[in-house]
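Take a look at the letters that make up each chain.
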There are 2 protein chains.
Amino acid sequence: MISSLLKFLAPQKKAKKTHVSKEEALERRKKFEQFVLDLQNHFVQTLQKYETKAVFLRDEWQRKDGHGGGVTCVLQDGNFFEKAGVNTSKISFPFNHGIAASMKERGKVFTDDEIKRYNIYANGISLVIHPINPFAPTVHANYRWMELYDRETNQTVDCWFGGGGDLTPHYLFEEDCKEFHQGFKNACDPYGQDLYKKLKKECDDYFFIKFRNERRGIGGIFYDDFLIEDSWDKTFEFAQKAGWATLNSYNTILERRKDTQYNEKNMEWKQIRRGRYVEFNLVYDRGTKFGLFTPDARIESILMSLPHVAKWEYMYKIEEGSEEEKMQKVLINPVDWI
Amino acid sequence: MISSLLKFLAPQKKAKKTHVSKEEALERRKKFEQFVLDLQNHFVQTLQKYETKAVFLRDEWQRKDGHGGGVTCVLQDGNFFEKAGVNTSKISFPFNHGIAASMKERGKVFTDDEIKRYNIYANGISLVIHPINPFAPTVHANYRWMELYDRETNQTVDCWFGGGGDLTPHYLFEEDCKEFHQGFKNACDPYGQDLYKKLKKECDDYFFIKFRNERRGIGGIFYDDFLIEDSWDKTFEFAQKAGWATLNSYNTILERRKDTQYNEKNMEWKQIRRGRYVEFNLVYDRGTKFGLFTPDARIESILMSLPHVAKWEYMYKIEEGSEEEKMQKVLINPVDWI
């Protein structure tokens, strides 16, 4: 899945050279991989308990060129989930001029010789969960570890973390928004007083459908090119806290909303909102776009993030004073939940 | 609708200066406007006769800045059509560096002074029809006239035609494909032996979802920056023939398919194909993309082209030897219908 990994590179702003031994570099990879596989397993097990009709299909795949692969876990057309995808992938591939150019914009310059010599290593988890019940929100998250290394010496030249999670409810429940954001705040707080606030803002800025002047959802956190105090250990610890927080708070929210009665109007509004989800993913999302434009990408894994069903209605009218309007207002003006 | 008109500029390859008097320029505008309004009315009347539940809503709108407006005719949630939009718009707006830059790539260079002095005039019809019955195809077409003119002297500096139509069936009926293409071939033939072939190829090349390696549909014709033998009259005559051919052949095809029985599987396949329609429009379509990125664009008119409902299924399987596979094969390898 070279494609969906390219996104990891996009927002790289400055290089952080990290001189570690080969053994240490491998050790780091192992630890991060263990984390994403654990998180994937727990997500799949936790979600499966809500579902009595469909089961998660586990698709292990390898890139044709042998440079890595992944595990795609997908459940669709269930009685609780419309579509739920929890993917991990681990891949190494030759650095190239296209990627180098996108890093150049962000202050990092490479010689032709370096480009020829380097490889990218990328390992991460990426998930999108769309429940059927319009009162149960959609969640998206991903956590990734990236390395640029010399193919011959295996020496790491540059490395960084990226990730985050964001919630897309169709109806507003303040306690759910607080739950989700508090989980991330707890993950952030040990690493700086303003860290949560900063990453929350980056999330609001990123998941913005500019032509609609609205966010995709109520946000969460978003970070990239990230290394806390230049410490791998600290940042890895943070990534784990954020990852487990995503699972725990989402599980709590699903428990709350799973039996909420809904009607046709609620379903229609959910589908309209899912149309906006499609708009964001296909028009703005860097990962999706890089993926779609990468040769030999695994399109099914990239577009797994799209909802099962989406709807577009000409001049859809939101009733004044309605629950739908309450939601819409928050999408236009993000709220500080904590 | 500055936005959806910007597409008219995108593929401009070379400039064709046309020295006409102000009176003649106005006369041309009038004639073209009359054509698109006539075509819009006839399309709306023709489609309305298939529908017994919903009616076309007619939305006349003006740009806030006073530089033009349009007529949006939309029918949705009918008992025959899911969504049908037939729009016309006529707009003048100041030329700008962004548009000039996109024309520069195509061989046309403007000085700062020219950019300041010039206006764009754009008039056209744009339509997308999505029937409910999976055996009745979706059609899209637009026909437009563009001028670049000096704001002070009203002198036309450059001008061109653009347009075309394409059909997106979900099931393959050879006679429908032939009908649609024959209509365009008849419109093209008086203007050159190879014209239809050329414009048919341009259409196949344009409506291509590269990451899927498939076309959006079975094509039709596509042209831009177009002036037959440098003659406005001839090209206008051609545009009219193409426009009326779209209506006539589509009407014939609807008549054939309107009572075809369908089942749930057919509906599902239609929704999967509509997902691909969304992918093309949001990821590739120049007009949509320019529109979405233009400030103060009328988003509702731009996204009217999206289907009412679209579906994404992970690893959707097409049965071997099925009617769905027959369709899919033609989307991968375009056919010469005539």
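So, how was this worked out
- Residues numbered from 1 in each chain as written.
- Chains lettered and ligands numbered in written order.
- Predicted model: local features only at pLDDT ≥ 70, side-chain atom pairs only at ≥ 80, totals over all residues.
- Heavy atoms only, no water.
- Helix = DSSP H or I, 4+ residues; strand = E, 2+ residues; numbered from the N terminus.
- Rg over C-alpha atoms; globule rule 2.2 N^0.38 Å.
- Buried < 20%, exposed > 50% of the residue type's maximum accessible area, 1.4 Å probe, protein only.
- Contact = heavy atoms within 4.5 Å.
- Pairing = 2+ DSSP bridges.
- Axes fitted to C-alpha atoms, helices over the stretch in contact; angles between N-to-C directions.
- Parallel < 35°, antiparallel > 145°, perpendicular 65-115°, else oblique.
- Left-handed = near helix turned anticlockwise from the far one by under 90°.
- Nonpolar A, V, L, I, M, F, W, Y, C, P; charged D, E, K, R; others polar.
- Polar contact = N/O pair within 3.5 Å; in protein donor to acceptor, adjacent residues only side chain to side chain.
- Core = buried A, V, L, I, M, F, W, Y, C linked by side-chain atoms within 4.5 Å.
- Expected span 1.5 Å × (residues − 1).
- Least-squares fit on C-alpha atoms with pLDDT ≥ 70 in both.

A.B. asks: Would you mind going over the overall build of chain A with me for this structure?
C.D. replies: A count of helical and extended segments in chain A gives 11 helices and 10 strands. The C-alpha atoms of chain A give a radius of gyration of 20 Å, which matches the 20 Å a tight globule of 338 residues would have. Referenced to the eigenvectors of the C-alpha coordinate spread, the extents of chain A come out at roughly 60 × 40 × 35 Å. Within chain A, the fraction of its 338 residues that count as buried is 63%. Put simply, of all contacts in chain A between residues at least 6 apart along the chain, 74% involve residues at least 24 apart.

A.B. asks: Would you mind going over the sheet that holds strand 3 (residues 81-94) of chain A with me for this structure?
C.D. replies: Whether parallel or antiparallel, the strands of a sheet pair through hydrogen bonds between backbone atoms. Residues and elements named next belong to chain A. If you walk across this open sheet you meet the seven strands as 1-2-3-4-5-6-9, and the pairing is antiparallel. Both edges of this open sheet fall to strand 1 (57-62) and strand 9 (219-226), since each of them pairs with a single strand only. Each neighbouring strand pair of the sheet contributes to a mean axis angle of 5°, computed without reference to strand direction. Pairing geometry for strand 6 (residues 156-168) and strand 9, over six bridges, is antiparallel. Bridging across to strand 9, D166 finds its partner in G220. Strand contacts of helix 5 (residues 174-188): strand 5 (138-150), strand 6 and strand 9, with the helix running at about 30° to strand 9, the strand carrying the most contacts. Against the sheet, helix 6 (residues 195-206) makes contact with strand 6 and strand 9, and its axis sits at roughly 100° relative to strand 9, the strand it touches most.

A.B. asks: For this particular structure, what's the right way to read the packing of helix 5 (residues 174-188) of chain B against helix 7 (residues 232-257) of chain B?
C.D. replies: Each pair of packed helices gets described by two things: the angle between the helix axes and the distance between those axes. Residues and elements named next belong to chain B. As a packed pair, helix 5 and helix 7 sit with axes 8 Å apart at the nearest point and diverge in direction by 165°. The orientation of helix 5 with respect to helix 7, classified from their angle, is roughly antiparallel. The handedness of the crossing between helix 5 and helix 7 is right-handed. Across the interface between the two elements, E175, D176, E179, F180, G183, F184, A187 and C188 of helix 5 pack against F238, K241, A242, A245, T246, S249, T252, I253, R256 and R257 of helix 7. Of the residues contributing to the contact of helix 5 with helix 7, the split by class is eight nonpolar, four polar and six charged.

A.B. asks: Looking at this model, I keep getting lost on the side chain of T246 of chain A. Mind explaining?
C.D. replies: All names here are of chain A. Turning to its location among the elements, T246 is positioned in helix 7 (residues 232-257). By relative accessible area, which is 0% here, T246 ends up buried. Among the polar contacts made by the side chain of T246, one reaches the main-chain carbonyl oxygen of A242 at a distance of 2.7 Å. Every residue in contact with T246, bar those within four places of it in the chain, is listed here: F43, V139, A141, Y143, F180 and F184.

A.B. asks: How do you make sense of the nonpolar core when you look at a structure like this?
C.D. replies: As a rule of thumb, soluble globular proteins bury nonpolar side chains together. By size, the foremost hydrophobic cluster in this structure holds 64 residues, and its most contacted members are V86, Y143, F161 and F238 of chain B. Per-element accounting of this core gives the leading share, nine residues, to helix 7 of chain B. If you look at the next biggest cluster of nonpolar residues, it comprises 63 residues, including L39, Y143, C188 and A239 of chain A.

A.B. asks: How should I be thinking about helix 7 of chain A in this particular structure?
C.D. replies: Residues lying three or four places apart along an α-helix face the same way, a consequence of the helix completing one turn every 3.6 residues. Helix length check: helix 7 of chain A (26 residues) gives 37 Å between terminal C-alpha atoms against 38 Å at 1.5 Å per residue, within 8%. One side-chain oxygen of the residue at the start of helix 7 of chain A lies 3.4 Å from the amide nitrogen of D233 of chain A, identifying that residue as S231 of chain A.

A.B. asks: What should I look at first to understand the relation of the copies chain A and chain B in this one?
C.D. replies: Copies of the same chain, two in number, are related to each other by a rotation about an axis and a translation along it. After a rotation of 180° and a shift along the axis of 0.0 Å, chain A superposes on chain B with an RMSD of 0.0 Å. Read as a symmetry element, the transformation amounts to a two-fold axis. Closest approach to the rotation axis within chain A is made by the C-alpha atom of A310 of chain A, at a distance of 2.7 Å. In this assembly, 97% of the residues forming the interface of chain A have copies in chain B that are likewise at the interface, indicating an isologous arrangement.

A.B. asks: How do you make sense of the environment of E179 of chain B when you look at a structure like this?
C.D. replies: All names here are of chain B. Mapped onto the fold, E179 is located in helix 5. Accessibility expressed as a relative area gives 26% for E179, which makes it partly exposed. Considering only alpha carbons, one finds E179 and W337, 158 residues apart in sequence, at a separation of 9.0 Å. With residues up to four places along the chain from it excluded, the contact list for E179 reads S249, T252, I253 and R256. Of note is the side chain of E179, whose polar atom sits 2.7 Å from the side chain of R256.

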